[in-house]
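Per-entry structural report
For reference, the chains in residue letters:
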Amino acid sequence: MPKLTNLIWCGVLVLGSFVASMAGGETLYRYTDKDGKVTYSDKAPKNGEKAEAVQLEKGNRIGNTVKLDTKDSKGVQQQFSDIKARGDARVASRDKLQREVDEAVERLERAKKALETGRDPKSGEERIVVRKGGNAVIRTEEYYARIATLELAVKKAEEAVSSAKERYNRNSP
């Protein structure tokens, strides 16, 4: 009798391993040879072979993987939730990098607009020089310093856009 119990356990283990390794089929076939040896396969029987079809429950399938129960009752579900969590983290990372690019582009647009509108001299940034042939308007050093600051802001904003795009391209999953 103990040999029969061992044979049953071996059959259960073989069935479990076939179910776990099966990726594409919906049906397992149970073959019993003339010596009573039981074999499971996902291959359909050939003509003349006698095999019993074992249907898998659709509720136990997740994609191409058979859901197996485990001691902690999480089993394969836990693995799929880990995969989902990693995917969600990649999406969040990509979205954060995209926001950084968008913010850098907005800063660049504001810096360019400030430079464009700042080209006109402000009060106190011009001097009138009286000459014999006609008066001349000369801009002060404050004007040129302000324009240089605005141009530097545009340059830094362009570098920030380039850097943000590079980080996005390098790190975006």
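Everything numeric in this text was worked out from a predicted model, so none of it was measured. Per-chain numbering applies: the sequence of each chain, read as written, is numbered from 1 onward. Only residues with pLDDT of at least 70 are given local features in this predicted model, and only at 80 or more are side-chain atom pairs given and counted; all residues enter the totals for whole chains, interfaces and linings. Calculated side-chain values reflect all of the structure's heavy atoms, with hydrogen atoms and water omitted.

Counting from the N terminus, the helices are the DSSP runs of H or I reaching at least four residues and the strands are the DSSP runs of E reaching at least two. Summing up its helical and strand segments, the protein chain has 3 helices and 7 strands in all. Reading the protein chain from its N end, one meets helices and strands in the order α-β-β-β-β-β-α-β-β-α. Here a residue-residue contact requires only that any non-hydrogen atoms of the pair lie within 4.5 Å. Sequence separation of at least 24 residues holds for 49% of the intrachain contacts in the protein chain that already meet a minimum separation of 6.

All right, on to the side chain of Glu125 then. Looking at where Glu125 falls in the secondary structure, it is placed in the loop between α2 (75–117) and β6 (126–129). Nitrogen and oxygen atoms within 3.5 Å of one another constitute a polar contact, given that in protein one can donate a hydrogen and the other can accept it, and given that sequence-neighbouring residues count only through two side-chain atoms. Separated by 2.8 Å, the side chain of Glu125 and the backbone nitrogen of Lys122 make a polar contact.

This part covers the confidence of the model for the protein chain. On a range of 0 to 100, pLDDT expresses the predictor's confidence in each residue. Of all residues in the protein chain, 62% have pLDDT values of 70 or greater, and the mean over the chain is 75. Note on residues 64–70: pLDDT under 50 across the span, and 21 contacts to partners over four residues away in sequence or across chains.

Our focus in this paragraph is the pattern of salt bridges. Think of a salt bridge as a Lys or Arg side-chain nitrogen and an Asp or Glu carboxyl oxygen that are within 4 Å of each other. Counting across every chain of the model gives 5 salt bridges. A salt bridge links Glu100 to Lys96; the shortest N-O distance between them is 3.8 Å. Taken together, the positions of Glu100 and Lys96, both in helix α2 and 4 residues apart, correspond to about one turn of that helix. Under the relative-accessibility criterion, Glu100 is labelled partly exposed at 23%. Through salt bridges with shared partners, one network takes in Lys96, Glu100 and Arg167. Classification of residues uses two cut-offs on accessible area relative to the type maximum, computed with a 1.4 Å probe and protein chains only: under 20% is buried, over 50% is exposed, and between them is partly exposed.

This paragraph deals with the nonpolar core. Counting 12 residues, the largest nonpolar core is built from Val101, Ala104, Leu108, Ala111, Leu115, Tyr143, Ile147, Leu150, Val154, Ala157, Val161 and Ala164. Contributions of two or more residues to this core are made by α2 and α3 (141–171). It is α3 that provides the largest number of residues to this core, a total of 7 residues. Apart from residues no more than four positions distant in its own chain, Ala111 is found in contact with Ala153, Val154 and Ala157. Put simply, buried Ala, Val, Leu, Ile, Met, Phe, Trp, Tyr and Cys residues joined by side-chain atoms within 4.5 Å make one nonpolar core.

Each Phe, Tyr or Trp ring, with Trp reduced to its six-membered ring, pairs with another whose centre is within 6.5 Å; inter-plane angles below 30 degrees give stacked pairs, above 60 give edge-to-face pairs, and intermediate values give tilted ones. Tallied over the entire structure, the rule returns 1 aromatic pair. Seen in terms of ring centroids, Tyr143 and Tyr144 are 5.2 Å apart; in terms of plane orientation they differ by 80°. Their pairing is edge-to-face. When its relative accessible area of 5% is taken as the criterion, Tyr143 is described as buried. The criterion is that NZ of a Lys, or CZ of an Arg, lies within 6 Å of the ring centre and within 35 degrees of the ring normal, and then a charge sits over that ring. Across from the ring centre of Tyr143, 4.9 Å away, lies the NZ or CZ of Arg139, which sits over that ring.

Turning to the pairing of β6, a few remarks are in order. The pairing of β6 with strand β7 (residues 136–139) spans 4 bridges and is classified as antiparallel. Its bridge partner lying in β7, Ile128 is registered against Val137. Should DSSP find at least two bridges between two strands, the strands are regarded as paired. Once β6 ends, the chain turns through 6 residues before running back antiparallel as β7, passing Gly134 with a positive phi of about 145°.

This brings us to α3. Helix span, as expected, comes to 1.5 Å for every residue beyond the first. Along its 31 residues, α3 runs 44 Å from first to last C-alpha, staying within 8% of the 45 Å computed at 1.5 Å per residue. Regarding α3, the residues found buried are Tyr143, Arg146, Ile147, Leu150, Val154, Ala157, Val161 and Ala164.

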